[in-house]
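Spelled out from the first residue to the last, the chains are:
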Amino acid sequence: MQAFVLRNGDVEVEAITYGAIITRVLAPDRRGEPGDVVLGFDTLDEYLEHSPYFGAVVGRYANRIAHGRFALDGVTYQLACNDGANHLHGGVRGFDKVLWTATPLSDDAMPGVTFLYDSADGDEGYPGTLSARVTYRLSGDGALHVRYHATTDRATIVNLTQHSYFNLAAGEGNVLGHQVVVNASRFTPVDAGLIPTGELRLVEGTPFDFRTPAALGARIDEPDGQLETAGGYDHNFVLDSVGDRALVLAARVVEPMSGRTLELRTTEPGLQLYSGNFLDGSIIGKGGRRYAHRSGFCLETQHFPDSPNHPEFPSAVLRPDGQYESESVFVFGVT
Ligand code: GLA
């Protein structure tokens, strides 16, 4: 296992070859005091033992595929089912649990590292040999650029994301006071297995309306069927930029006490907002800190969950003559 530290201005990011995991993001608060704003562990063993995807690159298919089954070009494929009856985050041994090879980039203005992983034909049930590449680069304005690339030798599906859990207070408490904006007028409601029903529901008049700033926790315990099903926010938002391949502002989060901000731009059509509902205080993380319920949130840029079974959703199919390309930029700042 190798670790790489990227430093630029007053932001520092550490990433390791296991799972291409981002293990640390040091960002200053409004007084200039640095704090680690991502959840994780101090040792590799803890990542190996029980990490709920802390900081990892998730693939081949981030999020869920119903019954782990899909058809492509008339052939039905069966993937590993590791989330009840469904496939989640690439299966039993997804990209978060493999060793990537790394090449540091020699650009002093924008330090970076590229991680490579070749996934064999049939890996976790997926067709095609997939060559995946993820590059992290840190620019002087506190922006972490994450660029994904993949090619295949047979038609397949691919959907890569970054599964960092953020806590901009860099503290012990929950993230319910973080002010959130998500540029989405619709989201994809889910069934009891957190599989999209296919509906694109308007957020207007629901606790899913983050088009103007709202505390993450302001409405999280309202009697809303979707919040109850998922135990909080664990939903895919249909970004208003859907269909646009440019880097567009998807979300902005402000932590009022520290003044830290996080802005996210992406080329992806969807964004999973996850409020750390499965964190229950049983995981002890960095520095002995106990990760309480909802003490971290994730912003997972993605194609919609279960797209292979929803022809009306943006396609996640990759063919040998094509290239999978995706980019997300996380900007750490203060207000
Ligand atoms: C994603 C999923 C959640 C959960 C977390 C990891 O955000 O949507 O349901 O699986 O990953 O615990």
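Per-chain numbering applies: the sequence of each chain, read as written, is numbered from 1 onward. Given that this is a predicted model, residues contribute local features only at a pLDDT of at least 70 and side-chain atom pairs are listed and counted only at 80 or more, while totals for whole chains, interfaces and linings are drawn from all residues. Water and hydrogen atoms were dropped before computing side-chain values, which therefore reflect all heavy atoms in the structure.

Quick look at the site of the ligand
Put simply, the rule is: Any residue with a heavy atom lying within 4 Å of a molecule or strand is counted as near it. Two N or O atoms count as a polar contact when they lie within 3.5 Å, although within protein this holds only if one can serve as hydrogen donor and the other as acceptor, and sequence-adjacent residues are included solely when both atoms are side-chain atoms. Calculation of accessible area relied on Shrake-Rupley with a 1.4 Å probe; when residues are assessed, cover is drawn exclusively from the protein chains displayed. Grid points spaced at 1 Å and placed over the protein atoms alone form the basis of the search, with a cavity being a set where a 1.4 Å probe fits but cannot get out and a pocket an open set showing protein on both sides within 12 Å along at least five of seven lines. Lining residues have an atom within 4 Å of a point. Assignment to a cavity or pocket requires that more than half of a molecule's atoms be within 2 Å of the site's grid points. Under the scheme applied here, ten amino acids are nonpolar (Ala, Val, Leu, Ile, Met, Phe, Trp, Tyr, Cys and Pro), four are charged (Asp, Glu, Lys and Arg), and all others, including Gly, are polar.
What surrounds the ligand is the set Tyr53, Arg64, Leu88, His89, His163, Tyr165, Asp234, Gln272, Tyr274, Phe278 and Glu300. Between glutamine 272 and the ligand, the recorded distance is 3.4 Å, taken from a side-chain N or O atom to an oxygen atom. Coverage of the ligand by the protein chains reaches 95% of its 300 Å² of free accessible surface. In a pocket analysis with a 2 Å cut-off to the grid points, the ligand is assigned to the largest pocket. In terms of residue class, the shell around the ligand is built from five nonpolar, three polar and three charged.

Some thoughts on unusual backbone geometry
Counted only if it meets this: The numbering of helices and of strands both runs from the N terminus, where a helix is a DSSP run of H or I of at least 4 residues and a strand a run of E of at least 2. Each residue gets one of three labels from its accessible area relative to the maximum for its type: buried under 20%, exposed over 50%, partly exposed in between, using a 1.4 Å probe on protein chains only.
Cis peptide bonds are those with omega within 30 degrees of zero, and the linkage from glycine 59 to arginine 60 qualifies with 0°. When you line up the elements, arginine 60 lands in the loop between β5 (57-58) and β6 (64-65). Its identity as a non-glycine residue notwithstanding, histidine 89 has a phi of 50°, on the positive side. Within the secondary structure layout, histidine 89 lies in the loop between β9 (87-88) and β10 (101-105). Looking at histidine 89, the relative accessible area reads 6%, which means it is buried. Here the phi dihedral of alanine 170 falls at roughly 55°; this positive angle occurs in a residue that is not glycine. Here alanine 170 shows up in the loop between β15 (161-162) and β16 (179-182). Looking at alanine 170, the relative accessible area reads 19%, which means it is buried.

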